[in-house]
Amino acid sequence: MIFVESLKNFFGRRSFRNFMQFSLDIAERVRLPRPLRRVLVPIFQATIERAWKDVHMSQATLFLSVACVSPEEIRVLNRKYLQHDRSTDVLSFPEYSAEELHVIREKLLTSNSETIFLGEIVLCYDEIVHAAQEDDVSDIHELAFIFSHGILHLLGFLHGERMFVMQDDVADEITKAH
């Protein structure tokens, strides 16, 4: 498990009175290279900061589970849960509906001691590397783009301009920082 003490670790240039905690449980059936593994929490932080701008001041803990799997394994999951018989780079399994997320978000604004499990994200490293090569970007950039995409789905976002702009911003920030 990776646990980051505070947003200050990544966003040190900004001043926060209180800091939201981030926790990831990572199951690696396919091992992520260390440089990519190290950017998962900063991606999580940068995505939350953009998606829930007013919530980042909470002292709550946001938690999600991440599994890194092979193309074959993600294809089975994609077929079983989304009826798409193909491999993909990311799948998101939200813990909450959009309505429930609204209540949770409001609770985070008023409570400092909540621990919230957002859901599970399944990543396929091979697909991420392939997409990075196709898009002529670094693996870190592509991972930031894809992982933030999955996190935004856990937060109730649907595909659209706002979501894609946030993904681009996160990927650019993470790439510059690493």
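The rules behind each value
- Residues numbered from 1 in each chain as written.
- Predicted model: local features only at pLDDT ≥ 70, side-chain atom pairs only at ≥ 80, totals over all residues.
- Heavy atoms only, no water.
- Helix = DSSP H or I, 4+ residues; strand = E, 2+ residues; numbered from the N terminus.
- Contact = heavy atoms within 4.5 Å.
- Areas by Shrake-Rupley, 256 points an atom, 1.4 Å probe, with all protein chains shown as cover.
- Salt bridge = Lys/Arg side-chain N within 4 Å of Asp/Glu carboxyl O.
- Buried < 20%, exposed > 50% of the residue type's maximum accessible area, 1.4 Å probe, protein only.
- Patch = residues over 30% accessible without salt bridge, like charges linked within 9 Å, V, L, I, M, F, W, Y side chains within 5 Å.
- Lys, Arg positive; Asp, Glu negative; His and termini not counted.
- Charge placed at Lys NZ, Arg CZ, Asp CG, Glu CD.
- Core = buried A, V, L, I, M, F, W, Y, C linked by side-chain atoms within 4.5 Å.

Peer 1: When you look at the overall build of the protein in this model, what are you seeing that I'm missing?
Peer 2: Of regular secondary structure, the protein possesses 7 helices and 5 strands. When the helices and strands of the protein are listed from N to C terminus, the series reads β-β-α-α-β-α-β-α-β-α-α-α. Taking as baseline every contact in the protein between residues at least 6 positions apart, the subset at least 24 positions apart corresponds to 71%. Surface exposure of the protein reaches about 9100 Å², of which carbon and sulfur atoms provide 49%.

Peer 1: How should I be thinking about the pattern of salt bridges in this particular structure?
Peer 2: Close approach of charged atoms allows side chains of opposite charge to pair. Inspection of the entire model under this criterion finds 7 salt bridges. Residues glutamate 28 and arginine 31 are paired through a salt bridge, measuring 2.5 Å at the closest nitrogen-oxygen approach. Assessed through its relative accessible area of 22%, glutamate 28 is described here as partly exposed. Measuring nitrogen to oxygen at the nearest pair gives 3.9 Å for the salt bridge that ties arginine 50 to glutamate 49. Look at the salt bridges and you will find they share partners, linking Glu28, Arg31 and Arg37 into a network.

Peer 1: Just checking my understanding: could you explain unusual backbone geometry for this structure?
Peer 2: A negative phi holds for most residues other than glycine; trans holds for most peptide bonds. Positive phi is not limited to glycine here, since glutamine 83 has a value of about 60°. In this structure, glutamine 83 sits in the loop between α3 (71-82) and β4 (90-94). A residue is classified by how much of its surface remains accessible, and glutamine 83, at 61% relative accessible area, is exposed. For aspartate 136, which is not glycine, the phi dihedral falls at a positive 55°.

Peer 1: Please explain a negative patch on the surface as it appears in this structure.
Peer 2: A cluster of acidic residues, Asp25, Glu95, Glu99, Glu100 and Glu120, forms a negative patch on the protein surface. Checked against the element boundaries, glutamate 100 lands in helix α4 (residues 98-110).

Peer 1: What is the right way to look at the nonpolar core in this model?
Peer 2: Core analysis: the biggest nonpolar cluster contains 46 residues, and Leu123 and Phe147 have the highest contact counts within it. Counting only elements with at least two residues in this core, the list comes to β2 (21-28), α2 (40-51), β3 (61-69), α4, β5 (115-124), α5 (125-135), α6 (139-154) and α7 (161-177). Element by element, the count of residues in this core is highest for α6, at 8 residues. Residue contacts for leucine 123: discarding those within four places in its chain leaves Leu40, Val66, Ala67, Cys68, Val69, Ile74, Asp89, Val90, Ile128, Leu143, Ile146 and Phe147. In this structure, Ala67, Val69, Ile74 and Leu91 belong to the second largest nonpolar core, which totals 6 residues.

Limitation: the analysis is restricted to geometry and does not speak to function.
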